[in-house]
Every structure is written in structure tokens, then in C-alpha cells.
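Each chain, written out:
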Amino acid sequence: MTLAIETQSLGYAPGRGFQISNLNMKVPVGSLYGFLGPNGAGKTTTMRLLLGLLPAARGSITVLGEAMPAAHVQVMSRTGYVPERPHIYPTLTVDEALRFHSAFHPRWDQPWAEELRTQFNLVPDRRVGALSKGETGKLMMLLALAQKPDLLMLDEPTDGLDPVVRRDVLEALLSYVSVHQATVVISSHLVHELERICDWIAVMDRGSLVAELPMRQFKDGIKRLSVADAPATLAATPFTILARRPDNGSGEQWLVRGWSSDMQSYFGAPGATLRKIGDLDLEDGFVELLRSFREAK
Amino acid sequence: MSRLVRVVVVVSVVAMSFGNATSAAAQSAAEYTHRVDSLARLWRAATATVVKTDASRPNAPSADSLRIGMIIVRTDSEHVDLARAAAARLSPRIERAYGHFAERLTRHQFVLRAKGGTHAATEVQTGLTDSTGAMGQRSSDYANEVSLAATWQRMVEEVMTDAAGPDVRSWIGAIIPSDPPTKTTWSDARIALILAASAGARDCVGGDIIRCEQVLGLVHVDDPAFTFFDASQRFTMIVGFAHILRRADPAQFDRCTVARNQATCDSLAHAIPTDAVNAPIPPLVRQSLVRFALATGGDGAFDRYAAATSPKARLEAASQLPADSLVRRWRDTIMGAQKGSTAVDLETAVSSLAWAALCVACAVRSSRWR
Amino acid sequence: MSERPTVWRAILESQWKWTRGLALLGALVGFALPLLSLRTALATQSTASFIATMQAWGVGYAIAAAALGLMTAIAAWGYDHRLRHVYALSLPLARWRYVLLRFCAGLVMLALPVVAVFIASEIVAHSSMVPKVLQAYPVALTLRFGFATLVAYSLFFAISSATGRTAGYILGGIALIIVAQVVISSANLQVDLVSRSIDLVFAAPGLLAVFGGRWTLIDV
């Protein structure tokens, strides 16, 4: 598997009790990599570390085959970045912002930028500082896409946007990705959005990577099992039990990870009886995963 | 009593002035000058009377005398320490400036007394007696050695300038300072020479040494109005003497000032008495020449200066240089002494560029991580 | 949108947008100073007071140079500071190159007031109303103004590019000298730290030496 991004034992400790420790991240080339985590988990910090905007304390970072931050210039020329907060100079007009940004990116596609601008209904001589939140979000996506990047780092790009704008932005993104096979790393709180578009998922909490696996595997692997007569102490299971909870007086509900259909045979032995297998959506799975991670800590 | 005498003198002078005004219609420039000299003599006599009156007053009781170098001070017992400190501060300056000539100062005494009234604690009365014992100069001053020494120094300069010769002060137009000249001295002289409103001074600035000697008064000039000034400057002079020249001959005056007849103006310019013609240079310029000569002459310069009799001889004796060489060197010194310049010198230019480069280097090295 | 600009052009255009008002105001002030100084000096009675008036106006040039340098430096970094440098750091451009380009763009802005000073000084120098015995120094004054603006801009650009901590160190250093002077004075020691520090800075080859000296357009 060729990797667009790889970190090894990445560490960062700015103080105030927060730190990123021993982060080993692998983003496959061409993947739509969803980056999930609660507020303060370290997603934005991780993205900034990957792009060389913050200095790592330990470990190594490789982006698009180049070591960061040493190859910052080469990497950023192939990377489109949409940060969490708008970073465009507010006094520039839309047209001036496009002109300014294009100067730094040799692969800038002017006709396509114009097409996107029209599609996004951005008025050329309107100041960036006077744009609405949605318009600003669209502009930032436009700038990131028009430079024809090999890698897109999107830090909550649709946060605070209305559904119509969100759709426009994601459509443009997916349209680009489908044509250019770019790698996309996208962090978001909107789990359902990631569930729809991402093929890889990573969950981060308190500076640590809790899970990193293909989306299908994540969704298929997390199940809610209704179990009867389960003993208090269980023998070794082929799956990971994230949580055991009483089920309205009739047995237990087990939240498990790493489930596959052939594991039903585990319940053949004397002891617990499997009554029902239920699916969890990404959000439920994410929540339960986090809960178990925190309880384990 | 002395105050009353002063008032009487002033009233007399003013009255005479008013009285003279009625008969001014017919007076010529010479008559005018004569009257001014008379008033000046009357004033000097009245002032001397005031001085003698003061000197004849009984002195304050219990005065102490002390001598440090050439400085003799008569002081009340309360200010002995102050007197000693001020004299000790002043003495080396006197000896450096006047050398052996400083012995003349022993003919005079500094007087130091308490000052009455509300300023008794912080001020003193001081003065310098002349060779007859009369109080020649007097002053109030702060009761600290620095200020007192400076005041005494000014008094010494007055005395020593007059001791150098009866014509020295009138020739220079000022006293001879005792402090060693500095670059500021020369730059101030340079500005005064450049700004002097005479063609002669302009030529001197331009490098004409003979013209320098003329404006400095080292060579005799028959017709200063024509030697030192150009036509427009003479015209200004004629207008300045309108109150005399117009009364003497209104028609001639108008022919010059209104009709601008050059020949008539020249005739009027010739009528101005030599000693009434404006000085071509301010006193500061001649003073700087004297200071330059003394500084060039080194040890014994002031003695030699005082021993000679004419202005030119004094300068040559002091500097031990011929007058033209002295003037040339003096001119070069003051013209080269521009105090600062708008132009940025090479050192400042290079250092500015270097500092700018250093600042930019610091900026370039600023942390890229925020 | 027209053809894709160069990086230098893009930075220059953005800087022009932020500082054009300041550059034009500076040009206006630079143009006015020589003319106003002549106008007030001509109202004096003597040549000596003419010179004194021209010298007095010299302070205006020094203040203008310092103010222009300061405000241009602040404007150069203002929006990057506000946006926490995220955009600048995410551009595919080495940091040192970016800083250098920003600095040079600011210099271009400052050229306007310097040229304005030169033009107005030349007008004054060729005026028939200047006393013939005096000389005008338009080139010298312009050069001094240019150097002073450069030094002020470079200094404030460097401080502006640094972190708040660095600015704190600088201010702390200045405060330390003042506090030390107070302590020394209260101990009745005859040491003048403040004056010595000022002399060090303002005397050649000090940092602000170009601000000393004469700023007189017309002089003897």
C-alpha cells in the first residue's frame, strides 16, 4: 500500500496538559481519509504538524514521499489546505484572492477556477472580509482545488455551513477527486458526512489515534450483540468487547469491534447465547469506541 | 544714595536727549556723533560716581582674605570654603589662558559677601575690585563653586581684555574669552562671516585673503563704504542714515533713493563718516581671529599679544606668524568647521545600511512557527 | 482575471493594497515639509533666523521618517499577525524568501515619500526667494531622509516579525536601563546610564545615528 502520509512515533507537547504522543498514522494514496475526534482531540494540531505549520517534538513525518518540514516548499506546492478558520487576507477581493493565490502555485487552473467561482456564485469584486461564512468556505475550497493538488488537507471545511453550501462544497471536492485521484484528509464533526464520502476512517482522542482502518471494516466490524446468560467472566473472545450493558433485564448488550460473521461459533459453547446481531452507524460506533477508549485509560 | 544718583543721571540723559531733539533738524552726522560721544562720557562719569559711592561704604565686618594662584579673594567668614573652592576651580583656567600675564590679576581682588533678603541661603554677592580698590564689577550669583567660578571667569576676561591694551576691546568689539576655542567656536565664526552683510566678507569667504585682512581691520582702508560694500549695500546704508542725510540735502537724498541716481548715491555714501560706516563683519569674527592667534602661539601668547601696540602687530606677536599666514590659516580653520552637515557622512551611511541588513537578517530568522 | 502574476508581483500588490493610503499620506507630508519650511523661514527678519527656522523644521523630517518606517512595518505584518501566519506559512515559499519579499515590498512603498521629499526640496532649492548667501542641500536631505526611513522601517519590521516574547525582551531591556538608572541615582552615584545608552544609539555608528546630525534643507 503506497502511503500519501506516514508518521512514526510523532510527538508534540505544547504544554497546558495536552500532548500528542507516539502517533503512527498511515494515509493511503488516493484515499478519502476521514479524521474523526471530539473537540480538543488533536485533529487540527495533527494536521498542522503534517503540513509543517507546527514543529514536532519527536518522530518523523513523510508527506507525498517527502520528509517534513524539510521539504515544506515542495510538499505545499502539491497540497491544498483548507484550515479550520478562514486564512485569506480579508482586504482582498475575491478576484484579488484568486490572483494572489495563483501566483504561488504553478499548476493553477485558471479556467477551472473561474468555473468554480461562477458555480459558487462568488462576486469577483466583493471583499473577502465581507463574505458570509458560507461564501468564505466556498472560496477556501475553490483556492485549494484550483491549484490542482495531489493532496487535500481539509480541516472541518463544512463546519457551520448550511446544507446547500455543504453540498456544493462536497460535490466540487468529489468531482475533483474522481478525476485526479487526489488523496483527501478531511476532519469533521459531521460523522454522517464522513460516512458518506470517506473510505478510510481514523479516530483520535486526547492526542492518541484510537483507530485507523478502512470505513467498511470499521462499520462492519462494530456490532451490537444481544446476549443471554453471559457469565461475569468471559473466556478469550475473537472479537474486542467495547462494552457490556444490561439489556432491560433480559440479558446483556455487548458492543463489539472486529466482528465477522464466522465468530458466531463462539457462542456455541456452554455459557452465553447470541440472540441478535445489530448494526451501528458510524456515529454510534464512534461514540462507543471513544467511550471504551476513555474507560480503558 | 547711589540709587538716587543713578536716577538723576538717567533723567539728565533723557532730558538732554529731548532737548537735543529740537535742534536735531540742523545737525550733521558729525554733530550727531559728537553729541552721542558726549552723552556716553556723561554716562561713564556718572557710573564711576556710583561705583565710588559704593566703594566708600563701610565694608562688612570680619572679612577673610585668601589667595590661590593669581586669584585673591576677600570674603566674609561664612563663605571662606566657597571662595576657596571657586578659586581653586578657576585658577588653572586662568594660568592656562594668560600664562605670566595672569600676574596682572593680583592687582584686583574678588569680593564675596552674603546676600541679604530671602535668597540669603542660596545666593551671594560678589564683585571684582579694580586697581584702585574700587568695586569695578559686581554680581549676584548662586552660592556654589561652579557658578561662582564661571562668574569670576567672566569678570577676569573683562579685566584681562582691558589690561591687554586700551584699544583691544574697541577693536575686537568684544572681550577675549579665556576658554580654549572649540570646533563650535570656529563654526560659529564661520556662520557669522558667511552671514555678514558685506561684499568684503563675501570675498573673504570666497578665499580672497587680502579682502579678509581688510574686513578684519588689519590693513588700513581709506573708504570703507566703497571697499567693503557693494552698491546695493551702500544704498541700504544711505537709507539707514536718512534722518541725517535727508535733512542735510533733501533733493540730493531723493535723487538717490527715489530716482536711483547712482552718481548721487555714491556722493552720499562718501559723505558718511568713516567711523559711522557699518562694520563689515560682526565682533564674533574678529574675536575668533584673536582666539586663533592666541591658540596658535601657545605659551606666552597673551603676554606677546599685550606687549604689542597695533592690532596687526598684536596678532603677529601672539601667533608668531606673519599676518597673511595667520589669516589664511584662520580662514581655512573656520571655513572647515561646519558644525554638522545635512549630508550623511560615509560612516553613518555604511552603519545605517549595516544595521538595516542586521534587522532584516533577524526578521528572516524569525520563528516560522507561531 | 489576467495572466498569473509572479510571486513578487502578488506580494507587492497585496502590500500596496494595505499601505497605499499610508504611502500617499507620506508622500504628501514629504512634499509639504520643504515647502512649508521655506514659507515660514521667508517670514523671518534676518538670515540667521531664516537658518534657525529651517533647522527647526528639520525635526519634522526625522519624525516623518520614523513614523513612516513604523507604520509601514506594522502594515507589512498586520494581516499575517491577525491570521496567525497560517496563510503565509501554508504557501509553497520558503519562509526567508517570503520575509524578504515582504520587506522589499515595503521599501517600494517608502520610495514614494522619499521621492516626494526630493522633488519638493529641488523646488525649494531653485526658488529665487532663498537668500543668495545660503546654500540648499536637496540631495543631502533626501539621502538622510531615505536612510532614516530605511533604518526605522528595518528596525520595526524586525520587531514586528518576531514573537510577542521578543518584543517583550526589547521593552524589558529598555525598562531595565531606566530602573537601573533610578537605583543608581538613588545611591547618589554619578553614573548616567540613560544618557550613555542614548549616546550609544544616536552617535555614529549607532543604530539611529542617521537621525542625529543636521536636517537642514537650506544652510550656510
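Residues numbered from 1 in each chain as written. Chains lettered and ligands numbered in written order. Predicted model: local features only at pLDDT ≥ 70, side-chain atom pairs only at ≥ 80, totals over all residues.

Caption draft 1: Broad picture of the overall build of chain A. For chain A, the count of helices and strands is 9 helices and 15 strands. In chain A, the proportion of contacts linking residues at least 24 apart, taken out of those at least 6 apart, comes to 71%. (Helix = DSSP H or I, 4+ residues; strand = E, 2+ residues; numbered from the N terminus. Contact = placed C-beta atoms within 7 Å.)

Caption draft 2: Molecular detail of the overall build of chain C. The secondary structure content of chain C amounts to 7 helices and 2 strands. Sequence-ordered secondary structure for chain C, helices as α and strands as β, is α-α-α-α-β-α-α-α-β. Along the first, second and third principal axes, the C-alpha set of chain C runs to 65 × 65 × 25 Å. The proportion of buried residues among the 220 residues of chain C is 42%. Restricting the contact set of chain C to residue pairs at least 6 apart, pairs at least 24 apart contribute 79%. (Buried ≥ 20, exposed ≤ 12 C-beta atoms within 10 Å, placed from the backbone.)

Caption draft 3: Representation of the sheet that holds strand S9 (residues 183-187) of chain A. All names here are of chain A. With mixed pairing, 6 strands are arranged side by side in an open sheet as S7-S8-S9-S4-S10-S11. Where the open sheet ends on each side, the last strands, each with one partner, are strand S7 (79-82) and strand S11 (208-214). Taking the axes of each pair of neighbouring strands and ignoring which way they run, one obtains an average angle of 15 degrees across the sheet. Relative to strand S8 (residues 151-155), helix H1 (residues 43-50) is tilted by about 150 degrees, and along the sheet it contacts strand S4 (32-36), S8, S9 and strand S10 (200-205). (Pairing = 2+ DSSP bridges. Axes fitted to C-alpha atoms, helices over the stretch in contact; angles between N-to-C directions.)

Caption draft 4: Helix H5 (residues 138-161) of chain C, seen in detail. Compared with the 34 Å implied by 1.5 Å per residue over 24 residues, the 34 Å span of H5(C) between its first and last C-alpha is a close match. In terms of burial, H5(C) is a largely internal element, 22 of the 24 residues being buried. (Expected span 1.5 Å × (residues − 1).)

Caption draft 5: Spatial organisation of the pairing of strand S2 (residues 18-23) of chain A. All names here are of chain A. Bridge analysis of strand S1 (residues 3-15) against S2 gives 3 bridges, and the strand direction is antiparallel. Bridge assignment links Leu10 to a residue of S2, and that residue is Leu23. Connecting S1 to the antiparallel partner S2 that follows it, the hairpin turn spans 2 residues, and Arg16 within it adopts a positive phi of roughly 55 degrees.

Caption draft 6: Focus on the domain arrangement of chain C. All names here are of chain C. In terms of domain boundaries, chain C breaks down into domain 1 (7-161) and domain 2 (163-210). Here the C-alpha centroids of domain 1 and domain 2 sit 27 Å apart. Facing the 6 residues of domain 1 at the interface are 5 residues of domain 2. (Domains from an automatic or database assignment.)

Caption draft 7: Spotlight on the sheet that holds strand S13 (residues 240-246) of chain A. Residues and elements named next belong to chain A. Pairing within the open sheet is antiparallel, and its 4 strands lie in the order S13-S14-S12-S15. Two strands in the sheet have a free side with no partner beyond their single neighbour: S13 and strand S15 (273-279). Strand after strand, the sheet turns through a mean of 25 degrees between neighbouring axes, direction not considered. Where strand S12 (residues 223-228) and strand S14 (residues 252-257) come together, 5 bridges link them in antiparallel fashion. Looking at the pairing, Val227 lines up with Glu252 of S14.

Caption draft 8: Region of the structure containing the domain arrangement of chain A. Splitting chain A by domain gives domain 1 (3-214) and domain 2 (223-279). One C-alpha centre belongs to domain 1 of chain A, the other to domain 2 of chain A, and the line joining them spans 39 Å.

Caption draft 9: Spatial organisation of the interface of chain C and chain B. Across the boundary between the two partners, chain C contributes 37 residues, which contact 24 residues of chain B. Among the secondary structure elements, those contributing two or more residues to the side of chain C that touches chain B are helix H2 (47-82), helix H4 (95-125) and H5 of chain C. Ranked by the residues each element gives to the side of chain C that touches chain B, the list is headed by H5(C), at 12 residues. Partitioned by chemical class, the residues of the side of chain C that touches chain B number 25 nonpolar, 7 polar and 5 charged. (Nonpolar A, V, L, I, M, F, W, Y, C, P; charged D, E, K, R; others polar.)

Caption draft 10: The arrangement of the packing of helix H3 (residues 94-104) of chain A against helix H1 (residues 7-42) of chain C in detail. In the contact formed by H3(A) and H1(C), the axes pass within 8 Å of each other and the chain directions differ by 150 degrees. It follows from the interaxial angle that H3(A) and H1(C) lie roughly antiparallel. Crossing hand, H3(A) versus H1(C): left-handed. Residues A:Arg99, A:Phe100, A:Ala103 and A:Phe104 of H3(A) lie in contact with H1(C), whose contacting residues are C:Val7, C:Arg9, C:Ala10 and C:Ser14. Here the residues of the contact of H3(A) with H1(C) are counted per class, giving 5 nonpolar, 1 polar and 2 charged. (Parallel < 35°, antiparallel > 145°, perpendicular 65-115°, else oblique. Left-handed = near helix turned anticlockwise from the far one by under 90°.)

Caption draft 11: Spatial organisation of helix H13 (residues 262-271) of chain B. All names here are of chain B. Of all the positions in H13, only Cys265, Leu268 and Ala269 are classed as buried. Buried positions in H13, seen along its axis, are confined to an arc of 105 degrees and lie on one side of it. Opposite the buried face of H13, by more than 90 degrees, sit the exposed residues Ala263 and His270. Looking at the buried positions of H13, the neighbouring elements they touch are helix H9 (224-228), helix H10 (231-240), helix H11 (242-248) and helix H12 (250-257). (Arc of directions from axis to C-beta.)

Caption draft 12: Representation of the environment of C:Val29 in the model. All names here are of chain C. Structurally, Val29 is set in helix H1. Residue classification places Val29 among the partly exposed residues on the basis of 19 C-beta atoms within 10 Å. Taking the C-alpha atoms as reference points, Val29 and Met71, separated by 42 residues in sequence, lie 14 Å from one another. Every residue in contact with Val29, bar those within four places of it in the chain, is listed here: Ala64 and Pro113.

Caption draft 13: Structural view of unusual backbone geometry. All names here are of chain A. In this model, Met68 is joined to Pro69 through a cis peptide bond whose omega is 5 degrees. Look at Ser9: it is not a glycine, yet its phi comes out positive at around 50 degrees. Summarising the element assignment, Ser9 is placed in strand S1. In this structure, Lys148 is a non-glycine residue whose phi angle is positive, near 55 degrees.

Caption draft 14: Quick look at the packing of H2(C) against H5(C). All names here are of chain C. Look at H2 against H5: their axes get within 7 Å of each other, and the N-to-C directions meet at 35 degrees. As H2 packs across H5, the resulting crossing turns out to be right-handed. Between H2 and H5, the contacting residues are Tyr61, Ala62, Ala65, Ala66, Leu68, Gly69, Leu70, Thr72, Ala73, Ile74, Ala76 and Trp77 on the first element and Phe145, Ala148, Thr149, Ala152, Tyr153, Phe156, Phe157, Ser160 and Ser161 on the second. Along the lines of polarity and charge, the residues of the contact of H2 with H5 split into 16 nonpolar, 5 polar and no charged.

Caption draft 15: Layout of the confidence of the model for chain C. Of the residues in chain C, 99% have a pLDDT of 70 or more, and the chain-wide mean is 90. Both scores are given for the predicted complex: the pTM is 0.74, the ipTM 0.90. (pLDDT = per-residue confidence, 0-100.)

Caption draft 16: Fine view of the environment of A:Leu170. If you trace the backbone, A:Leu170 turns up in helix H6 (residues 163-180). Separated by 96 residues in sequence, A:Leu170 and A:Gln74 have C-alpha atoms that sit 26 Å apart.

Caption draft 17: The arrangement of the environment of C:Gln135 in detail. Residue and element names in this part refer to chain C. On the secondary structure map, Gln135 appears in strand S1 (residues 135-136). By the C-beta count within 10 Å, which is 15 here, Gln135 ends up partly exposed. Sequence spacing of Gln135 and Ala152 is 17 residues, and the spatial spacing of their C-alpha atoms is 28 Å.

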